[in-house]
Amino acid sequence: MDEQALLGLNPNADARYRQRAMAYFEQLKESQDAWEVCADALAKGIYNDDHVKFFLFQVLEHQIKYRQPEKPFIRNKAAQVFALTFVMEYLTLWPKFFFDILSLVGLNPNGVDVYLRTLMAIDAEVVDRDTLHSTEDTRRNTLIKDTMREQCIPNLVESWFQILQAYQQTQPEITCQCLEVVGSYVSWIDLNLIANDRFVNLLLSQMSVEELREEACDCLFEIVNKGMDPVDKTKLVESLCQVLQSAGFFHVEQEEDVDFLAKFSRLVNGMGQSLVLSWTKLVKAGDVKAANDTLQALEGKVPLLLQLLVHADDDISANIVAFCYDYLHVLKQLPQLTDQQKANIEAIMLAIMKKLTYDDEYNFDNEGEDEAMFVEYRKQLKMLLDRLAQVSPDLLLEAVRRVFNNTMQSWQTASFMEVEVAVRLVYMLGEALPASHGAHFTGDATKASVLQEMMRTLVSCGVSGYQHTSVSLEFFETVVRYEKFFLVEPHHIPLVLVAFLDQRGLRHGSPKVRSRVAYLFSRFVKTLHKHMNAFIEDILRQIQDLLELSPPENGFPALLTSDDQLFMFETAGILIVHGDGPAERKQGLMRSLLGPLMEAFGLLLDKLSRETEAERQAALGDCLSHAVGFASRTSKAFSNKQTVKHCGCTQVYRDCLQAFLPALGCPVQRGPLRSAVRSFLHRMIICLEEEVLPFVPAASEHMLKDCEAKDLQEFIPLISQITAKFKVQVSPFLQQVFMPLVVAIFEILGRPAEENDQTAALEKQMLRRSYFTFIQTIASSGMNEVMANQGAENIEKVLFTIIQGAVDFPDPIAQKTCFIVLSRLVELWGGEGGMVGFPDFIYKHIVPACFLAPLKPTFDLTDAQTILTLSECALTLKMIYNKRGPEFIQFLQQDYLPSLQVAPEITQELCQVLQQPDVKVFKNYIKVSANPLLI
């Protein structure tokens with residue numbers, strides 16, 4: 001902006017400046033970018049001078065009347081300026097805003113365009129429910145809407161009618177804009193202004209104009225969606241439908257414009273859902289006649305619903321699903337169904353079955369956005385099927401049986417789409433007709449019989465050999481969903497096992513199928529292993545090559561990924577452990593399974609230690625980690641009954657430990673290798689129990705060398721697990737490792753880090769929590785000698801870290817743990833015969849911690865974890881009283897609380913509550929008063 005020229009706008013300016021201002025005004029009137037400059041200045045509030053603002057609006061007025069900017073974003077900016085001005089000034093300084101705008105724009109296309117854009121911008125500022133507003137803004141917006149309803153809405157509606165009528169033939173873009181405005185405003189204005197013969201007939205006439213009908217459809221949808229009396233809503237929908245039907249819009253099959261049909265389907269969906277809502281309200285109100293009339297109107301829309309639901313275009317079909325779902329919900333509530341309603345259910349069912357079918361264009365090898373949309377659409381159809389099953393389960397079961405049997409009789413000549421959907425429908429019955437714990441083959445005899453018959457056909461008709469990935473996947477998914485079928489008819493298991501193991505399953509040409517089948521096979525075996533004793537060696541032999549470690553240099557693509565192989569090792573473990581044979585047989589099979597892993601591990605570890613290239617080191621590190629993971633996964637087969645010892649496999653897993661532990665000393669790929677071995681140790685603590693103990697000291701020594709925060713954070717749970725499980729057995733080891741571990745932790749916590757390094761700060765916070773949890777595990781396991789035997793200086797250091805954690809760090813989770821530890825230590829060492837000098841520590845440090853922690857500004861009493869911390873703080877004080885008795889009360893009354901200038905009556909009250917036998921009384925007192933020092 002020309003700042004010198006703007007000075008001339010002041011009435012007191014001299015003639016030279018005023019002349020310059022007039023010249024600048026003329027210049028801006030002709031300028032192409034005057035819109036942008038003036039609108040931007042107004043929007044940003046650059047000028048406070050009213051004369052300058054008036055000048056800018058004058059420029060915009062001229063531009064509206066005589067020039068049309070080419071760029072829509074500039075027009076939108078002008079509209080935004082008007083909208084913001086309206087919001088600020090309408091209620092106070094500019095009540096005639098709309099009348100001024102209307103008189104300014106008239107029926108000038110340029111002006112109408114900005115007027116409509118302004119109305120949309122006002123809607124975004126004042127009405128749009130997706131925008132979050134402050135309480136004050138919400139109150140202001142409500143007042144604006146109320147004032148508009150009283151003063152100008154009829155005039156606005158009249159202007160919309162005039163615009164729609166004037167421009168529907170010549171300016172389709174402006175007409176569509178106007179329809180959008182009507183649709184946006186109709187939700188909060190008097191519907192009678194729009195839902196009248198004059199306006200609706202105009203909208204319906206525009207439904208026949210190709211350029212306007214999509215927007216007219218949306219506008220009618222908003223009118224139908226408007227909240228109103230249920231009887232009036234039914235009348236409105238019925239009158240709309242009659243006109244639409246007489247105009248030929250219900251002949252969906254004759255319409256070729258799918259974009260319009262998608263909008264029309266959305267409109268029908270809105271009308272249908274409105275009728276359902278009206279029916280629900282009328283039934284609730286007990287108005288039987290009106291409810292029946294509405295139900296009749298609803299039934300009348302079902303033929304149209306079916307045409308749209310079964311349409312070849314999935315978008316058109318998807319837009320009507322919600323109405324269909326609600327209609328089925330209505331039928332579910334009726335005491336008895338008419339023949340027509342039963343026919344409607346069957347028609348909907350057939351439509352769903354047809355629409356579930358893949359089309360020829362679906363790309364199974366490279367699924368993109370279109371494929372993802374179809375998967376989502378299928379989920380919607382599944383919801384319909386589930387609802388349909390609630391309305392008429394017998395009808396659904398019979399329909400699926402008929403489709404499935406017909407397809408299976410000729411699957412060799414049927415298209416993959418037909419075969420896949422037939423099997424898919426059987427699969428979907430499992431959720432549509434649910435059974436407790438998958439017991440589909442007991443209970444309801446009819447359902448069990450039909451499902452059993454279909455499963456028998458599925459596994460015996462040969463369809464598992466159909467050459468299409470979708471059919472292969474659906475076959476195995478269905479077999480595993482109904483795995484309980486094989487408990488009823490176990491003679492089919494060999495047939496299915498062969499399918500799992502050959503080119504139909506684990507050796508299928510598609511990696512996607514192989515991967516999924518690896519998981520499904522593990523589930524199948526978990527459930528049915530008792531029926532597989534005769535095939536164990538045969539299965540293990542057939543999957544042997546799938547259990548091999550794939551070193552990075554072999555150059556051959558593996559059939560399964562390492563993640564898939566995890567399932568295979570778990571499956572092999574289950575077969576071995578749960579077999580009926582003697583322990584020697586199980587031991588031999590487990591050694592055959594894990595021996596090659598151990599051997600390969602040793603060779604690869606040797607290669608890694610000599611490898612110098614970083615990429616190769618990473619590949620070898622991954623391979624070694626996978627080997628440990630595979631061995632660990634086999635141990636999932638063991639349970640309380642089938643322990644490692646019972647199966648004679650103890651030595652096999654000890655050998656695994658012997659093979660894997662050297663990896664902890666490897667100087668490269670330390671992180672992944674340590675993580676893998678640590679996870680294996682966690683499993684072995686559970687499976688081998690005390691047999692694992694000889695390996696723990698050496699493993700711990702390696703893991704405490706050159707470690708980072710994350711390493712220690714993951715190591716501490718291992719030590720805590722050992723402590724909690726073995727207690728006294730590991731006391732000597734813990735006494736030995738305790739201080740090195742503490743020193744390592746605080747060496748890392750003491751390392752400087754950049755102030756804004758959130759990752760480092762979080763790692764330190766998590767390590768600090770792990771440390772306090774470790775101390776808590778030792779204290780609560782009754783192993784006070786672990787800390788007691790560390791020497792007075794070291795004990796003091798540790799105790800001070802706990803005091804610091806309780807008071808100084810704003811982490812309520814860690815603080816809570818610290819107070820639990822302090823309470824436990826008071827219990828162990830705070831009474832007669834406790835640790836020498838500990839009572840003195842209680843009075844000097846623990847008692848102040850209990851009172852000072854809640855005084856910290858970061859102690860947020862609105863936070864749930866902080867409240868728990870406060871509760872533990874109270875329990876610690878109570879524990880001190882239990883151990884020290886009157887001596888503690890005397891200390892509080894005569895020494896500590898007076899030193900903090902606590903009022904004598906507060907001190908007296910606190911001491912009385914503290915001496916109550918019920919600990920809950922004191923906890924509640926502390927919670928209510930938050931902290932006596934604050935009172």
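You'll find the structure just up there.
Residues numbered from 1 in each chain as written. Predicted model: local features only at pLDDT ≥ 70, side-chain atom pairs only at ≥ 80, totals over all residues. Heavy atoms only, no water.

On to the overall build of the chain, then. Check the secondary structure of the chain and you find 45 helices and zero strands. Whereas a compact globule of 935 residues would reach a radius of gyration of roughly 30 Å, the chain reaches 39 Å, over 25% beyond that. For the C-alpha atoms alone, the extent of the chain along its principal axes is close to 95 × 90 × 65 Å. Taking the contacts inside the chain whose residues are at least 6 apart along the sequence as the reference set, 72% of them involve residues at least 24 apart. For the chain, the exposed surface amounts to about 43,100 Å²; the carbon and sulfur share of it is 51%. Within the chain, one finds 87 positive and 119 negative side-chain charges whose respective centroids are separated by 6 Å. (Helix = DSSP H or I, 4+ residues; strand = E, 2+ residues; numbered from the N terminus. Rg over C-alpha atoms; globule rule 2.2 N^0.38 Å. Contact = heavy atoms within 4.5 Å. Areas by Shrake-Rupley, 256 points an atom, 1.4 Å probe, with all protein chains shown as cover. Lys, Arg positive; Asp, Glu negative; His and termini not counted. Charge placed at Lys NZ, Arg CZ, Asp CG, Glu CD.)

With their axes 12 Å apart at the nearest point, helix 18 (residues 321-333) and helix 19 (residues 339-355) run at an angle of 145° to one another. Both helix 18 and helix 19 take part in a crossing whose hand is left-handed. Of the residues in helix 19, those touching helix 18 at C324, Y327, L328 and L331 are Q341, N344, I345 and I348. When the residues that make up the contact of helix 18 with helix 19 are grouped by side-chain class, the tally is six nonpolar, two polar and no charged. (Axes fitted to C-alpha atoms, helices over the stretch in contact; angles between N-to-C directions. Left-handed = near helix turned anticlockwise from the far one by under 90°. Nonpolar A, V, L, I, M, F, W, Y, C, P; charged D, E, K, R; others polar.)

What follows is about the nonpolar core. If you look at the biggest cluster of nonpolar residues, it comprises 310 residues, and the most contacted ones within it are M148, W160 and F264. In terms of residue count, the dominant contributor to this core is helix 22 (residues 416-432) (12 residues). One finds A5, L28, C38 and F55 within the second-largest nonpolar core, a separate group that totals 10 residues. (Core = buried A, V, L, I, M, F, W, Y, C linked by side-chain atoms within 4.5 Å. Buried < 20%, exposed > 50% of the residue type's maximum accessible area, 1.4 Å probe, protein only.)

On the surface, a cluster of negative charge is made up of D359, D360, E361, E369 and D370. Relative accessible area serves as the criterion here: at 58%, D370 is assigned to the exposed category. (Patch = residues over 30% accessible without salt bridge, like charges linked within 9 Å, V, L, I, M, F, W, Y side chains within 5 Å. Salt bridge = Lys/Arg side-chain N within 4 Å of Asp/Glu carboxyl O.)

Before going further, it helps to spend a moment on the packing of helix 19 against helix 20 (residues 369-391). Helix packing for two helices is described by the angle between their axes and how far apart those axes are. Close contact between helix 19 and helix 20 brings their axes to 10 Å; oriented N to C, the two are set at 155°. What the angle tells us is that helix 19 and helix 20 run roughly antiparallel. Once helix 19 is placed against helix 20, the crossing between them reads as left-handed. Residue-level contacts link I345, I348, M349, I352 and K355 of helix 19 to F374, Y377, L381, L384, L385, L388 and V391 of helix 20. By residue class, the composition of the contact of helix 19 with helix 20 is 11 nonpolar, no polar and one charged. (Parallel < 35°, antiparallel > 145°, perpendicular 65-115°, else oblique.)

Its location among the elements puts I745 in helix 36 (residues 731-749). C-alpha of I745 to C-alpha of L497: the two residues are 248 residues apart in sequence and 52 Å apart in space. The contact partners of I745, leaving out residues within four places of it in the chain, are L712, I716, L767 and Y771.

Let us look at the pattern of salt bridges. Taken as a whole and judged by the stated rule, the model has 45 salt bridges. The partner of R140 in a salt bridge is D137, and the shortest N-O contact between them spans 3.5 Å. With a gap of three residues between them, R140 and D137 both fall in helix 8 (residues 135-151), about one helical turn apart. A relative accessible area of 28% means that D137 is categorised as partly exposed. Between D502 and R504 there is a salt bridge, with the nearest N and O atoms lying 2.8 Å from each other. Salt bridges sharing partners connect three or more residues here, namely D218, E222, K263 and R266.

Taken as a whole, this structure holds 45 aromatic pairs when the rule is applied. Seen from their ring centres, W94 and F97 are 4.9 Å apart, and the 75° between their planes marks the pair as edge-to-face. Between F364 and F416 the ring centres are 5.6 Å apart and the planes differ by 80°, which places this aromatic pair in the edge-to-face class. Linking F364 in the loop between helix 19 and helix 20 with F416 in helix 22, this pair joins segments that are 52 residues apart in sequence. Taken together, the ring pairs in this structure connect F441, F475, F476, Y482, F485, F486, F500, F521 and F524 into an aromatic cluster. Here the guanidinium or amino end of R266 rests over the ring plane of F221, the centre of that ring lying 3.8 Å away. Sitting over the face of the ring of Y427, R481 holds its NZ or CZ atom 3.9 Å from the ring centroid. (Phe/Tyr/Trp six-rings, centres within 6.5 Å; stacked < 30°, edge-to-face > 60°. Lys NZ or Arg CZ within 6 Å of the ring centre and 35° of its normal.)

Here the focus is the environment of K797. Note on placement: K797 falls in helix 39 (residues 792-807). K797 sits 708 residues away from E89 along the chain, and the two C-alpha atoms are 68 Å apart.

What follows is about unusual backbone geometry. Its identity is not glycine, yet D706 carries a phi of approximately 45°, on the positive side. Mapped onto the elements of the fold, D706 is located in the loop between helix 34 (696-703) and helix 35 (709-726). Positive phi values are uncommon outside glycine, yet Q901 reaches one of about 60°. As for its position among the elements, Q901 is in the loop between helix 43 (886-899) and helix 44 (904-914). Overall, the relative accessible area of 70% leaves Q901 in the exposed class.

Quick look at helix 14 (residues 258-285) now. For helix 14, which comprises 28 residues, the first-to-last C-alpha distance of 40 Å matches the rise-based estimate of 40 Å (1.5 Å per residue) to within 8%. In the stretch just after helix 14, G286 is the one whose phi turns positive, near 80°. (Expected span 1.5 Å × (residues − 1).)

On to the environment of N794, then. Within the secondary structure layout, N794 lies in helix 39. Its relative accessible area of 23% is what places N794 among the partly exposed residues. Taking the C-alpha atoms as reference points, N794 and V742, 52 residues apart in sequence, are found 9.8 Å from one another. A polar side-chain atom of N794 sits 3.0 Å from the main-chain carbonyl oxygen of Q790. (Polar contact = N/O pair within 3.5 Å; in protein donor to acceptor, adjacent residues only side chain to side chain.)

Now for helix 13 (residues 230-246). When the terminal C-alpha atoms of helix 13 are compared, their 24 Å separation across 17 residues agrees well with the 24 Å that a helix rising 1.5 Å per residue should span. Listed in full, the buried residues belonging to helix 13 are P230, K233, T234, L236, V237, L240, C241 and L244. Each buried residue of helix 13 lies within a common arc of 165° when the element is viewed along its axis, so the set occupies one face. Turned more than 90 degrees away from the buried face of helix 13 sit K235, Q242 and S246, all of them exposed. Taken together, the buried residues of helix 13 touch helix 11 (197-206), helix 12 (213-225), helix 14 and helix 15 (288-300). The backbone nitrogen of V231 lies 3.1 Å from a side-chain oxygen of the residue at the head of helix 13, namely D229. Among the residues trailing helix 13, G248 stands out with phi positive, at a value near 90°. (Arc of directions from axis to C-beta.)

With respect to the secondary-structure elements, S781 resides in the loop between helix 37 (758-780) and helix 38 (784-788). The exposure class of S781 is buried, given its relative accessible area of 13%.

Here we come to the side chain of S317. You can see S317 is positioned in helix 17 (residues 314-318). Its relative accessible area of 0% is what places S317 among the buried residues. With sequence-adjacent residues up to four places away left out, S317 is seen in contact with L308, L309, H311, K355 and Y377.

Our focus in this paragraph is the state of the cysteines. Following the criterion strictly, the structure yields zero disulfides and no others. With no disulfide of its own, C324 lies 16 Å from the sulfur of C241, the closest cysteine sulfur. On the accessibility criterion, C324 (0% relative accessible area) is buried. (Disulfide = S-S within 2.5 Å.)

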